[in-house]
Amino acid sequence: MPDGVTVAAALLVGGPLLGLLGFYDFGLYRVWTVPREEHLALVRSHRRGWTAVNVGFTVATVLTAAGLLVLAGSLAIDDTPRAALVAAAVGYAFGGVLWCAVLAIRSRTTPVLAELVASGAPTEPAESLLGAAIGGLFVSFSLVTSLALVAIGVALALGGGVAAPVAWITALIGVLTTIWLLASGDLIPAVLYLPTLALGVALLLGWR
């Protein structure tokens, strides 16, 4: 029977990989880089793909958060870094709740907006209010998750459990995404899965 660390590593790696299955619709890939009207038209014509993308992100988030919580409870490290790791994992999970809320909201509302625009019906002020709410949730998720990655990396670097370079890279990416967010107000969410994915790979390879 696999130990807790192995289970945690499998969750950290499996979450993002399973999440990638939601990106099966190649015709939807431009949706984040085109103007509003084209964005909505793409969602309207690829509704199943849009739902799959949001489900994929949700799966990746839930499994990654679970992996971090299992890891925090399974590593044989001193009490202080363990406490810091547990707190950081809980923070990551909280950020994940915010992100899942964004995913659930946009999964249902963006296709509705797309239909309204296609029919010529007015979308304001509801669209602006919805955008502001989703934007606030997204920024909160990005900031909480970035800071949690910093704390996770530092706790692992100081407490052990994974190779120090992997831990410090996790912390560094958290710092860089925090700076990116504060400087631009935006962030590519997929970047936030890379440190935990690398952490899971390192654990599976025995880099401790």
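Definitions and limits used
Residues numbered from 1 in each chain as written. Predicted model: local features only at pLDDT ≥ 70, side-chain atom pairs only at ≥ 80, totals over all residues. Heavy atoms only, no water. Core = buried A, V, L, I, M, F, W, Y, C linked by side-chain atoms within 4.5 Å. Buried < 20%, exposed > 50% of the residue type's maximum accessible area, 1.4 Å probe, protein only. Helix = DSSP H or I, 4+ residues; strand = E, 2+ residues; numbered from the N terminus. Contact = heavy atoms within 4.5 Å. Salt bridge = Lys/Arg side-chain N within 4 Å of Asp/Glu carboxyl O. 1 Å grid on protein atoms, 1.4 Å probe; cavity = no way out; pocket = protein on both sides within 12 Å on 5 of 7 lines; lining within 4 Å. Points joined across faces, edges and corners; volume = space filled by probe spheres on them. Nonpolar A, V, L, I, M, F, W, Y, C, P; charged D, E, K, R; others polar. Phe/Tyr/Trp six-rings, centres within 6.5 Å; stacked < 30°, edge-to-face > 60°.

Asks: In this structure, what is going on with the nonpolar core? I would like to understand it.
Replies: For soluble globular proteins, the rule of thumb is that nonpolar side chains tend to be buried together. In terms of nonpolar packing, the biggest core is built from 47 residues, with Leu85, Trp99, Leu156, Val162, Leu199 and Leu203 touching the most fellow members. Breaking this core down by element, the ones donating at least two residues are helix H1 (4-19), helix H2 (36-45), helix H3 (47-74), helix H4 (79-119), helix H5 (126-159), helix H6 (164-184) and helix H7 (194-204). Apart from residues lying up to four places away in sequence, Val162 is in contact with Leu156, Ala167, Leu199, Ala202, Leu203, Trp207 and Arg208.

Asks: Any chance you could explain the pattern of salt bridges here in plain terms?
Replies: A side chain with one charge may pair with a side chain of the opposite charge, provided their charged atoms come close. Counted according to the given criterion, the structure contains 4 salt bridges. The network of salt bridges with shared partners includes Arg36, Glu37 and Glu127.

Asks: Would you take a moment to explain the layout of surface pockets for this structure?
Replies: Sizing a probe to match a water molecule and rolling it over the atoms shows the empty space that remains. Taken as a whole, the largest pocket spans an internal volume of roughly 1000 Å³. What lines the largest pocket is a set of 36 residues, and nearest its centre among them are Trp32, Trp99, Arg106, Phe138 and Pro189. For the lining of the largest pocket, the secondary-structure elements that each account for two or more residues are H1, H2, H3, H4, H5 and H7. Grouping the constituent residues of the lining of the largest pocket by class yields 25 nonpolar, 7 polar and 4 charged.

Asks: Is there a simple way to explain the packing of aromatic side chains in this structure?
Replies: Geometry of an aromatic ring pair is reported as the spacing of the ring centres plus the angle between the planes. One pass over the full model with this rule turns up 8 aromatic pairs. Pairwise contacts between aromatic rings join Phe23, Phe57, Trp99, Phe138, Phe141 and Tyr193 into one cluster.

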